[in-house]
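# Tertiary structure, described
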There are 2 protein chains.
Amino acid sequence: MCAALVAAPADLIVSAGKVVTMDGQRRIIDNGAVAIAKGRIVAVGPRAEIDKAYTAAKRIDRPDALLTPGLVNAHTHAAMSLLRGMADDVELDDWLRRFIFPAEAKNVNEAFVRAGTRLAVLEMMLGGTTTYADMYYFEQAVAEETKKAGMRAVLGQTVIGFPAPDYKTPEAALAATEKFIAAYRSDALITPAVGPHAPYTNSEETLKAARALANKYGVPYLIHVSETNQENMESGLKHHRLSPTMYLDSIGALDGRTVMAHMVWAGSNDLQFVKTRGAGIVHCPSSNAKLASGIANVPAMVAMNLPLGLGTDGPAGSNNDFNLFEEMDLASKLAKVNTRSPKVLPAKTMFEMATLGGARALGMDKEIGSLEAGKRADLITVSLNEPNGAPAHDPYSMLVFSLKASDVQDVVIEGRVTVENKRPLTLNPVQIYKEAAAIRAKVDASLK
Amino acid sequence: MCAALVAAPADLIVSAGKVVTMDGQRRIIDNGAVAIAKGRIVAVGPRAEIDKAYTAAKRIDRPDALLTPGLVNAHTHAAMSLLRGMADDVELDDWLRRFIFPAEAKNVNEAFVRAGTRLAVLEMMLGGTTTYADMYYFEQAVAEETKKAGMRAVLGQTVIGFPAPDYKTPEAALAATEKFIAAYRSDALITPAVGPHAPYTNSEETLKAARALANKYGVPYLIHVSETNQENMESGLKHHRLSPTMYLDSIGALDGRTVMAHMVWAGSNDLQFVKTRGAGIVHCPSSNAKLASGIANVPAMVAMNLPLGLGTDGPAGSNNDFNLFEEMDLASKLAKVNTRSPKVLPAKTMFEMATLGGARALGMDKEIGSLEAGKRADLITVSLNEPNGAPAHDPYSMLVFSLKASDVQDVVIEGRVTVENKRPLTLNPVQIYKEAAAIRAKVDASLK
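## A short note on the overall build of chain A
When you go through chain A residue by residue, the secondary structure sums to 15 helices and 16 strands. Against the compact-globule benchmark of 22 Å for 448 residues, chain A has a radius of gyration of 21 Å, which places it among compact chains. Along the longest, intermediate and shortest principal axes, the C-alpha atoms of chain A span 75 × 45 × 45 Å. Evaluated residue by residue, chain A yields a buried proportion of 65% over its 448 residues. Restricting the contact set of chain A to residue pairs at least 6 apart, pairs at least 24 apart contribute 71%. For chain A, the distance from the average position of its 48 positive side-chain charges to the average position of its 49 negative side-chain charges is 2 Å.

## Some remarks on empty space enclosed by the protein
Overall, the coordinates contain eight cavities of 30 Å³ or more when judged by the stated rule. Put simply, the largest cavity is a space of about 100 Å³. Around the largest cavity, the lining residues are Ser286, Glu326, Asp329, Leu330 and Lys333 of chain A together with Ser286, Glu326, Asp329, Leu330 and Lys333 of chain B. Classifying every residue of the lining of the largest cavity gives two nonpolar, two polar and six charged.

## Structural notes on the interface of chain B and chain A
Residue-level contacts link 59 residues of chain B with 59 residues of chain A. In this assembly, chain B packs against chain A so that about 4500 Å² is buried in total across both faces, 62% of it on carbon and sulfur atoms. We note a salt bridge from Asp321 of chain A to Lys404 of chain B, for which the minimum N-O separation is 2.3 Å. Taken together, chain B and chain A are joined by 21 residue pairs in polar contact (both at pLDDT 80 or more). Secondary structure elements with two or more residues in the side of chain B that touches chain A: α3 (110–126), α10 (285–290), α12 (324–339), α14 (395–402) and α15 (429–446) of chain B. Among the residues forming the side of chain B that touches chain A, the class breakdown is 26 nonpolar, 17 polar and 16 charged.

## Section: unusual backbone geometry
Cis geometry is adopted by the peptide bond preceding Asn320 of chain B, which originates at Asn319 of chain B and carries an omega value of 20°. Looking at where Asn320 of chain B falls in the secondary structure, it is placed in the loop between β12 (308–310) and α12. Look at Asp313 of chain A: it is not a glycine, yet its phi comes out positive at around 60°. Asp313 of chain A sits in the buried class, given a relative accessible area of 5%. The backbone phi angle of Ala292 of chain B is positive, close to 60°, even though this residue is not glycine. With respect to the helices and strands, the residue Ala292 of chain B is situated in the loop between α10 and α11 (298–303). Relative accessible area serves as the criterion here: at 8%, Ala292 of chain B is assigned to the buried category.

## Focus on the pattern of salt bridges
Residue and element names in this part refer to chain B. Using the criterion set out here, one finds 68 salt bridges over all chains in the structure. As a salt-bridge pair, Glu420 and Lys58 come within 3.1 Å of each other at their nearest N and O atoms. A residue pair is termed long-range when its members are at least 10 positions apart, and Glu420 in strand β15 (residues 416–420) and Lys58 in strand β4 (residues 54–69) qualify at 362 residues. According to the relative accessible area criterion, Glu420 is partly exposed, its value standing at 25%. For Lys58, a relative accessible area of 32% translates into the label partly exposed. Two residues, Lys208 and Glu204, come together in a salt bridge whose shortest N-O distance is 3.0 Å.

## Regarding the pairing of strand β2 (residues 28–37) of chain B
All names here are of chain B. Of all 10 residues making up β2, seven are buried, and the element is well covered by its neighbours. Where strand β1 (residues 8–20) lies against β2, eight bridges are found, and the strand directions are antiparallel. Of the residues in β2, the one forming a bridge with Val14 is Val34. In the sheet, β2 pairs with strand β3 (residues 40–46) via six bridges, with the strands oriented antiparallel. Within the sheet, the bridge partner assigned to Val34 lies in β3 and is Val44. As consecutive antiparallel partners, β2 and β3 are separated by two residues, and within that stretch Lys38 has a phi angle of approximately 50°, a positive value.

## Brief notes about the environment of Arg152 of chain A
Residue and element names in this part refer to chain A. Mapped onto the fold, Arg152 is located in strand β7 (residues 152–159). When the C-alpha atoms of Arg152 and Asp378 are compared, they prove to be 8.9 Å apart, with 226 residues separating the residues in sequence. When near neighbours in sequence (up to four residues on either side) are disregarded, Arg152 contacts Thr130, Thr131, Tyr132, Ala188, Leu189, Met364, Ile368, Arg376, Asp378, Ile413 and Glu414. A polar contact of 2.8 Å, which involves the side chain of Arg152, links it to the backbone oxygen of Ala188.

How each quantity is defined
- Residues numbered from 1 in each chain as written.
- Chains lettered and ligands numbered in written order.
- Predicted model: local features only at pLDDT ≥ 70, side-chain atom pairs only at ≥ 80, totals over all residues.
- Heavy atoms only, no water.
- Helix = DSSP H or I, 4+ residues; strand = E, 2+ residues; numbered from the N terminus.
- Rg over C-alpha atoms; globule rule 2.2 N^0.38 Å.
- Buried < 20%, exposed > 50% of the residue type's maximum accessible area, 1.4 Å probe, protein only.
- Contact = heavy atoms within 4.5 Å.
- Lys, Arg positive; Asp, Glu negative; His and termini not counted.
- Charge placed at Lys NZ, Arg CZ, Asp CG, Glu CD.
- 1 Å grid on protein atoms, 1.4 Å probe; cavity = no way out; pocket = protein on both sides within 12 Å on 5 of 7 lines; lining within 4 Å.
- Points joined across faces, edges and corners; volume = space filled by probe spheres on them.
- Nonpolar A, V, L, I, M, F, W, Y, C, P; charged D, E, K, R; others polar.
- Buried area = accessible area lost by both parts, 1.4 Å probe.
- Salt bridge = Lys/Arg side-chain N within 4 Å of Asp/Glu carboxyl O.
- Polar contact = N/O pair within 3.5 Å; in protein donor to acceptor, adjacent residues only side chain to side chain.
- Pairing = 2+ DSSP bridges.

Quick look at the structure:
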């Protein structure tokens, strides 16, 4: 018997009615399948061919579903799940000063962050997110909980110019960040990162020190930039007429892998520098709308082919959920009505933003974001056996404009099945909801 | 034994952790319940009191859910579910002339409308909608399917100035509408209506004849008004400087129960006339955004306390679903970012728009829209045993900004349980999806 005719062993085969690959040719394969071994995709193709070439210990077959890359939530604050809906319908300043900062100062500790992360990861995973980028406190605890749940994440330890729940000075935060990076730098699921909060909440010295640290270990530098018009105006007055982006560039903070959240008020000159420096942008349409920050010029970012992902931002008043299906839908609708053109940000562009675009923004597009042999095996199936999934039509249109997070049927991350037929396999919802209720009761009491 | 101490018989008792009544005082009752008999609410109160006062043949107890009035989708085209995603990301004119009109001309017949209505009603019902307002063709068939499913609806038979799939002239449509009204005018679930498509697609004569017919039977007059800027501008040129609203008023078309969909380009003078005439408005945020029509001045409508509901519009490119949870969320976010104020259209206002507001817009607020003794028993429970439902906080905030259509657990319409624990009891999803796929294949083939 010739060796070439023997089916190779794989750990897992997932098949579906249509496979949306997001590969270089944006192939969509009818009755397709993906074979997975050792956490990586080994082959993508028609199911008949995959089944001939591979035998698998486990299979998931979904003839009535789409199989796609897992979604990338490129900017959030996971543990704020416990502060969900803390303060809706209020001014940004009130929101921060009257609600969020006092709630955090009184309540955020390591146990809070662990419980909040579990809740957030459960919601994200059930809704098809396989990678998220976080900026919060106690990121070591976030890393442990995320890893336990089998989720992939880029975790930015916050560095900020005032006393934070975990570290009282930026110097202490930077020192702890270095230890955190050392512990996780070669982890399969966790990419540690430096998270200087924003240009306006850190000194130049801290922003530079954070950059030096990121570059020393080759990890991403996550930062909020140009979220509000006020931030932009104050930057000009404070930094010799420079916008937040130009200011960061002037101090060398963009010299390395940078992930810039929001960029609502970025001008075309700012975007040109983002492109030149190879930085990534994360668009957060729900947050920017709900807090009335503004509408980012996403069509320009797309036209320039910037590395551009989508983020939910935190759920404590600025969203209030972790739902990338809603972000895709909203980003397209906002851009259409804002530009008065129904053609901008079509479905295919939006699905790319939620997958490969997010991966590019995070600097991970060689590893995730599409279904291609050699990439890490992060994928989801989305059921079409739903009223909003019928009748089937263009897969991109369905994924962006009619299918929902609740239609996600299976989730595979690093080759491991973490959700099967809508049931989470790595987290305990009952326990998580109970913890969340208990902690929230304490938070609410602390503010009375 | 004293008669007052004997528990009265009810058909159904539904209890929940919190009851959001939307009554005059906007009471929220912890551990509340609703007793139902003969299709009507007989009592609303604390569960302990209701259980003492009533015994029921059936009960549904949801300690981990919210119990609210059913949602009102005040403007849609249900059977267009079969044309879902027919043409996304294209100009409105292309959408109508290249896709929708040809697809309808070649495919829409009574069988199409029946299958499309079943699919739409299934999606609406599973997502918590208990009343919908329709404008389409073959409304007699829509009525039969809606009634069979146990759904409530206001059904406007389309009258339009060119040959339609059902009737070739407005005269024929008006004659058929009269028969339709006669057949359903005293139905518990179906409110028949006249549906003159728009001011610009009907002659003055037809608009007046439609009004006369509506008034003869005291039924609503459903019409699209001021959806696009082009419509507004053309109206001024054609009708002696009058906006579409003013034109309708000038010919007496607003003298009676009128339901005006869209009103994106309505000015404050138009809104003043709407108020004076007692007409209702239906805001369709997804459609207006996706087709880039514009953003309606909803804060002004709310400030004037106009009868104002929410609609999904049709799903054939202008939405693409029937999801009022998304419309509530989107309407609030759009208004916030459009006015640059995070305070406008807060959660409570949005939930009112999706319930009592829709009922007012349709002229049905004496019958539906809130949980009050004497009203028709249309209510839903929404599960909080969902990651996006934890931790529990303000019920309005949750309903608008974090809970989803997929979290709807039970649906009761006219006292009948139509969805129980997320399972539809009056419709067969497998059959409906199969029909939808078969018809859509024919539609797609017809356009090749």
